[in-house]
Amino acid sequence: MTRALVVFPGALGDLILLAPALAALRTAGVRLELSVRRALADLARAMFPGPHGPAVDGAAMTSLFTAELDPAVAAWLRGAARVDAWLGADDVVRRHARALGVDDVRSHHVESGDADLHATSAYARALGVEPAPMPRIADDWLAGAAAPARPRTLLIHPGAGSAAKRWKAEGFRRLADTWQRRGGDAVVLLGPAEEDQLASWRASGHEIATGLDLRAAAALIASAPWYVGNDSGMSHLAGLLERRGAVLFGPTRAARWRPLGGRLEPIRWSGVAEKDVVLRIDATLTPADLLDTLTPRT
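Conventions adopted
Residues numbered from 1 in each chain as written. Predicted model: local features only at pLDDT ≥ 70, side-chain atom pairs only at ≥ 80, totals over all residues. Heavy atoms only, no water. 1 Å grid on protein atoms, 1.4 Å probe; cavity = no way out; pocket = protein on both sides within 12 Å on 5 of 7 lines; lining within 4 Å. Points joined across faces, edges and corners; volume = space filled by probe spheres on them. Helix = DSSP H or I, 4+ residues; strand = E, 2+ residues; numbered from the N terminus. Nonpolar A, V, L, I, M, F, W, Y, C, P; charged D, E, K, R; others polar. Pairing = 2+ DSSP bridges. Axes fitted to C-alpha atoms, helices over the stretch in contact; angles between N-to-C directions. Buried < 20%, exposed > 50% of the residue type's maximum accessible area, 1.4 Å probe, protein only. Right-handed = clockwise from strand over helix to strand, strands pointing away. Core = buried A, V, L, I, M, F, W, Y, C linked by side-chain atoms within 4.5 Å. Salt bridge = Lys/Arg side-chain N within 4 Å of Asp/Glu carboxyl O. Left-handed = near helix turned anticlockwise from the far one by under 90°. Contact = heavy atoms within 4.5 Å. Phe/Tyr/Trp six-rings, centres within 6.5 Å; stacked < 30°, edge-to-face > 60°. Lys NZ or Arg CZ within 6 Å of the ring centre and 35° of its normal.

(A) Examining empty space enclosed by the protein more closely. The tally for this structure, following the rule as stated, stands at 1 cavity of 30 Å³ or more. Roughly 60 Å³ of internal volume is contained in the largest cavity. Contributions of two or more residues to the lining of the largest cavity are made by α4 (71–77), β3 (82–85) and α5 (91–99). Sorting elements by how many residues they give to the lining of the largest cavity places α4 first, with 3 residues. For the lining of the largest cavity, the per-class residue count stands at 12 nonpolar, no polar and no charged.

The structure is reproduced here in structure tokens:
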């Protein structure tokens, strides 16, 4: 079996967008070993079990850009048939790899911008494959996280790494209020990027989950059958976890960046009145049996 190494410094959403292309390589009989950010290594192993390389943001991997290669990185590179690296300028990386007998070194860039091609298809094209179905996370990975106190029907994540991609917090609170009046229950997931929203959400009286690591956040998302969030890594995680609901797009294009997993309806908020966005989301979340059926991960 061909042993291929993947060096990928992208964030959560980028890794999930890349995953169908990596899954296609595995289906073709390639034995993949990934080097990703330390914060994402746990999730990467859940999607792609087996050996993995040193963390891409660890001290050892920085030696790829120096004259002397760290022994652990050298041991990882040695014997590989192929290296796919998303590291920008790669002359020194290529030189290290070839010195260790790896002749097939391919350079890529982390997808950005609003091109016409969906990012998942762009990653697959770069790797010379057709995207495979989104890999499924092993149930035992989720089971290893602390279970939520009780399941909710809706998980709301009002954040995003870029402030420009966040729909207004008032809109999310209006949505939560509407949902609660209809008899639903919700929990609001806040990460480090949303610390500025913590006080206002507490004042709203809605339940908040904060300070969770990635696995605990995934378990919380998986415990609720419905999800609403911005164009963010967490929304791609919700797709990976096969959730239903809506993902909100402002300056970015859904045709390029929408999650492909699950059943998450893309809804544009830019230039649309807040109440109309709430109505569109609410329509997405209202099958007849919604409040009678709690379905954790299916």
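The structure having been displayed, the exposition proceeds.
(B) Quick peek at the sheet that holds strand β9 (residues 244–249). Across the sheet, 6 strands lie side by side as β7-β6-β5-β8-β9-β10; this open sheet has parallel pairing. Edge positions in the sheet fall to β7 (208–210) and β10 (263–268), since each has one partner strand and no second. Averaged over all adjacent pairs, the angle separating strand axes in this sheet is 20°, with direction ignored. The pairing of strand β8 (residues 226–230) with β9 spans 5 bridges and is parallel. Bridge pairing links Trp-226 to Arg-244 in β9.

(C) Region of the structure containing the sheet that holds strand β4 (residues 105–107). Strand order across the open sheet formed by 4 strands is β2-β1-β3-β4, with parallel pairing between neighbours. A single partner strand is all that each edge strand has here, and the edge strands are β2 (30–35) and β4. Geometrically, the sheet is characterised by an average inter-axis angle of 20° between neighbouring strands, direction not taken into account. Sheet analysis places strand β1 (residues 2–7) next to β3, joined by 4 bridges and oriented parallel.

(D) Fine view of the pairing of β1. Judged by how many residues are buried, β1 sits mostly within the fold: 5 of 6 residues are covered. Pairing between β1 and β2: 6 bridges, direction parallel. Residue pairing in the sheet places Val-7 in a bridge with Ser-35 of β2. Handedness of the crossover is the feature at issue here: the chain leaves β1, passes through helix α1 (residues 12–27), returns alongside β2, and the resulting connection is right-handed.

(E) Just the nonpolar core, in detail. Within the largest apolar cluster, 57 residues are counted, with the highest numbers of intra-cluster contacts made by Leu-43, Ile-221 and Leu-237. No other element matches α1, which puts 11 residues into this core. Among the nonpolar cores identified, the runner-up in size contains 22 residues, and Trp-167, Trp-201, Ala-246 and Leu-285 belong to it.

(F) Just the pattern of salt bridges, in detail. In this structure the tally under the stated criterion is 15 salt bridges. Across the pair Arg-82 and Asp-84 runs a salt bridge, and its minimum N-O distance is 2.6 Å. Look at Arg-82 and you get buried, because its relative accessible area is 11%. According to the relative accessible area criterion, Asp-84 is buried, its value standing at 1%. A salt bridge links Arg-182 to Asp-282, with the shortest nitrogen-to-oxygen separation between them at 3.4 Å. Here Arg-182, found in the loop between α8 (169–181) and β6 (186–190), pairs with Asp-282, found in helix α13 (residues 274–284); they are 100 residues apart in sequence, far enough to count as distant. Here Asp-282 falls in the buried class, since its relative accessible area comes to 15%. Residues participating in the shared-partner salt-bridge network are Arg-3, Arg-31 and Glu-33.

(G) Region of the structure containing the packing of α1 against helix α11 (residues 233–240). Interhelical geometry of α1 versus α11 gives an angle of 35° and a closest axis separation of 7 Å. Considering how the two elements wind past one another, α1 and α11 form a crossing that is left-handed. For the pair α1 and α11, the contacting residues are Leu-12, Gly-13, Ile-16 and Leu-17 in the first and Gly-233, Met-234, His-236, Leu-237 and Leu-240 in the second. For the contact of α1 with α11, the class distribution of residues is 6 nonpolar, 3 polar and no charged.

(H) A look at the packing of aromatic side chains. In this structure the tally under the stated criterion is 4 aromatic pairs. Pairing Trp-86 with Tyr-123 gives two aromatic rings, centres 6.4 Å apart and planes at 65°, and the pair type is edge-to-face. In this pair, Trp-86 sits in the loop between β3 and α5 while Tyr-123 sits in helix α6 (residues 119–127), placing the two residues 37 residues apart along the sequence. The exposure class of Trp-86 is buried, given its relative accessible area of 3%. The exposure class of Tyr-123 is buried, given its relative accessible area of 0%. Between Trp-167 and Phe-172 the ring centres are 5.1 Å apart and the planes differ by 70°, which places this aromatic pair in the edge-to-face class. Each member of the pair Trp-167 and Phe-172 is classed as buried. The residue whose ring lies beneath Arg-173 is Trp-201, and the NZ or CZ to ring-centre distance is 5.7 Å.

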